[in-house]
Amino acid sequence: MRLWGRKTSVNVQKVLWALEELGLDYERLDAGGAFGGLDTSDYVAMNPMRKVPTLQGSDAGECRILR
């Protein structure tokens, strides 16, 4: 599972907390803020709203937009 977003984002921190509490394995990838990357075609395909966080399941085609 991959979590897209910078660790300084409050909304990303909420998802990080939940993943840790649930004991799920994940990889966090920096996106948004100073890291940019929200306007790339790959990211827009996952999250057309161009916001963080975005949670990508182990199946590359499975993405969730978290608000």
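> Looking at this structure, how should I read the overall build of the protein?
A count of helical and extended segments in the protein gives two helices and four strands. Listed N to C, the secondary structure of the protein is β-α-β-α-β-β in terms of helices and strands. Counting every position in the protein, which comprises 67 residues, the buried fraction comes to 33%. When contacts within the protein are restricted to residue pairs at least 6 apart in sequence, long-range pairs at least 24 apart make up 45% of them. In the form shown here, the protein has an accessible surface area of approximately 4,600 Å², with 50% of it arising from carbon and sulfur atoms.

> Help me out: how do you make sense of the pattern of salt bridges in this one?
Here the idea is simple: oppositely charged side chains can pair when their charged atoms come close. Applying the stated criterion to the full structure yields three salt bridges. Of the charged contacts, one joins R28 and D30 as a salt bridge, the two residues approaching to 2.5 Å between their closest N and O atoms. By relative accessible area, D30 is classed as partly exposed at 38%. Put simply, D39 and R50 hold a salt bridge, and the shortest N to O gap is 3.8 Å.

> Teacher, can you tell me more about the side chain of N47 here?
One can find N47 in the loop between α2 (41-46) and β3 (54-56). Exposure remark for N47: the relative accessible area of 0% places this residue in the buried category. Within the structure, N47 has its side chain in polar contact with the backbone oxygen of K51 (distance 2.9 Å).

> What's the story with the nonpolar core in this structure? I'm lost.
Across soluble globular proteins, you tend to see nonpolar side chains buried next to one another. Counting residues in hydrophobic clusters, the biggest one holds 13 residues, and the most contacted among them are L3, W4, Y43 and V52. At the level of elements, β1 (2-4), α1 (10-22) and α2 are the ones that each hand at least two residues to this core. In terms of residue count, α1 provides more of this core than any other element does, four residues in total. Apart from residues lying up to four places away in sequence, V52 is in contact with W4, G5, R6, S9, V12, A31, G32, L38 and Y43.

> Before we go on, may I ask you to explain α1 in this structure?
Every α-helix carries 3.6 residues per turn, so stepping three or four residues along brings you back to the same face. Relative to the 18 Å expected for 13 residues at 1.5 Å per residue, α1 spans 19 Å between its end C-alpha atoms, a close match to the ideal helical length. Listed in full, the buried residues belonging to α1 are V12, V15, L16 and L19. The buried side chains of α1 occupy one side of the element, clustering within an arc of 105° when seen end-on. Those residues of α1 that are exposed and angled more than 90 degrees off the buried face are V10, W17 and E21.

Cut-offs applied
Residues numbered from 1 in each chain as written. Predicted model: local features only at pLDDT ≥ 70, side-chain atom pairs only at ≥ 80, totals over all residues. Heavy atoms only, no water. Helix = DSSP H or I, 4+ residues; strand = E, 2+ residues; numbered from the N terminus. Buried < 20%, exposed > 50% of the residue type's maximum accessible area, 1.4 Å probe, protein only. Contact = heavy atoms within 4.5 Å. Areas by Shrake-Rupley, 256 points an atom, 1.4 Å probe, with all protein chains shown as cover. Salt bridge = Lys/Arg side-chain N within 4 Å of Asp/Glu carboxyl O. Polar contact = N/O pair within 3.5 Å; in protein donor to acceptor, adjacent residues only side chain to side chain. Core = buried A, V, L, I, M, F, W, Y, C linked by side-chain atoms within 4.5 Å. Expected span 1.5 Å × (residues − 1). Arc of directions from axis to C-beta.

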